[in-house]
Amino acid sequence: MASPMKNLLTDLSRYVRCFRVFLAKSTEHQTMLQFVEQQLAGLLASTVSGKSAINILSVGGGAGEIDLQIISTLQANYPGVAIKNEVIEASADQVLKYKECVAAMSNLGNVKFTRHEETADDFESQRKAEKKSQKWDFIHMIQILYYVKDIPATIRYFHSLLGAQAKLLIILVSGEGTSGWETLWRKYGSSFPTDDLCTFISSADINEILDPLGLKYTIHELPSQMDITCCFTKGDKDGELLLDFLAETCEFSKTVPPELQQQVLEELRKPGCSENKNGKVFFNNNLSVIVVEP
């Protein structure tokens, strides 16, 4: 009999709900924002210096919170530089939230937005079909490479779109046993349904892709955690959504066999995944920022 388990991405609306609980329970965005505010301008100094305008491509821009902080940081550090910001985002819900975020901001007079409501794979296919050759000064792929069909090919393609002195920035979970995600996926990833919609990867996998290509890159580690205490309270709505997100499995508590559920819950409590503090369980959500040169 076919397994009732389905990948979370088969229900994009539920995925977005899970993602929003994840953001509320984790320090992910705060950690990223701190990196953007404190380090990004310096990393892009050679990219922006001497230019009156720059092109940015956001691959998987989500609801725009990080994108807009990137833009605000560049505006603050390089006043007067016009910004053309193109966004690739497949979720209609996220695109709507992105538009709302933009509408709520002031001082975006020198920023032009273009949105592509499609996947990174679709964007690549369409540009290749149209034989477009536009280059970008800065391309960022934040927590998106799990959801592309061919990760090495996608990295090579978007890297080929970099102009002179440009940068490709990739953010995803840390590897080499330094994040709970990698620990969980390494042990149970083969038990979760990917449905050819996602890949369980970490920064260690990206390093193995970049090194043979001979590309120059630097890595910045960002500490982050997520309160998953609610995952251990049966019937807790946020806990159920977080379990869906952790396993990339729609309706985890209803479709995953009880024995596997128990094994995953036990794994989530272990030191390889989490830390127990003051009666709460904090999942290791450490991130890696990889900055790739042209």
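The name given to the chain in an unreviewed UniProt entry is HNMT methyltransferase, and the organism recorded there is Odontophorus gujanensis. In its Subunit (unreviewed entry) section, UniProt records this for the chain: "Monomer."

1. A few points about the UniProt feature "binding site: substrate" (unreviewed entry) in the chain
The positions UniProt marks with the feature "binding site: substrate" (unreviewed entry) are E28 and N285. Of the residues just listed, which span 258 residues, no C-alpha pair is farther apart than 7.4 Å, and they cluster in one region. On the secondary structure map, E28 appears in helix α2 (residues 28-43). The class of E28 is buried, set by a relative accessible area of 2%. Not counting chain neighbours up to four residues away, the residues in contact with E28 comprise F22, Q143, S224, N285 and L287. For N285, the contacting residues outside a window of four places in its chain are F22, S26, E28, W181, S224, Q225 and M226. Within polar-contact distance, the side chain of N285 engages the side chain of W181 at 2.6 Å.

2. Considerations on the packing of aromatic side chains
The full count for this structure, using the stated rule, is 18 aromatic pairs. An angle of 80° between the planes, with centres 5.9 Å apart, marks the rings of W181 and F245 as edge-to-face. Note that W181 is positioned in helix α8 (residues 180-188) and F245 in helix α10 (residues 237-247), a separation of 64 residues in sequence. The buried category is assigned to W181, whose relative accessible area is 4%. Within the aromatic cluster, the residues linked to one another by ring pairs are Y15, F19, F22, Y146, Y147, W181, W185, F192, F200, F245 and F283. For R269, the ring lying beneath its charged end belongs to F232, and the centroid distance is 4.0 Å. One residue, K277, lies across the ring of F282, its end atom 4.9 Å from the ring centre.

3. Here's the deal with the side chain of D244
Position of D244 among the secondary structure elements: in helix α10. What D244 contacts, discounting residues up to four positions off in sequence, is L8, R14, C18, T249, C250, E251 and F252.

4. Examining the pattern of salt bridges
Under the counting rule described, the total for this entry stands at twelve salt bridges. The residue K280 makes a salt bridge to D227 at a minimum N-O spacing of 3.7 Å. Of the two residues, K280 sits in strand β11 (residues 280-284) while D227 sits in strand β8 (residues 225-227), which places them 53 residues apart along the sequence. Since its relative accessible area comes to 40%, K280 is described here as partly exposed. A relative accessible area of 15% places D227 in the buried class. Connected via shared salt-bridge partners are R14, D244, E251 and K254.

Reading guide: rules and limits
- Residues numbered from 1 in each chain as written.
- Predicted model: local features only at pLDDT ≥ 70, side-chain atom pairs only at ≥ 80, totals over all residues.
- Heavy atoms only, no water.
- UniProt positions renumbered as here; feature names shortened; annotations may be inferred.
- Helix = DSSP H or I, 4+ residues; strand = E, 2+ residues; numbered from the N terminus.
- Buried < 20%, exposed > 50% of the residue type's maximum accessible area, 1.4 Å probe, protein only.
- Contact = heavy atoms within 4.5 Å.
- Polar contact = N/O pair within 3.5 Å; in protein donor to acceptor, adjacent residues only side chain to side chain.
- Phe/Tyr/Trp six-rings, centres within 6.5 Å; stacked < 30°, edge-to-face > 60°.
- Lys NZ or Arg CZ within 6 Å of the ring centre and 35° of its normal.
- Salt bridge = Lys/Arg side-chain N within 4 Å of Asp/Glu carboxyl O.

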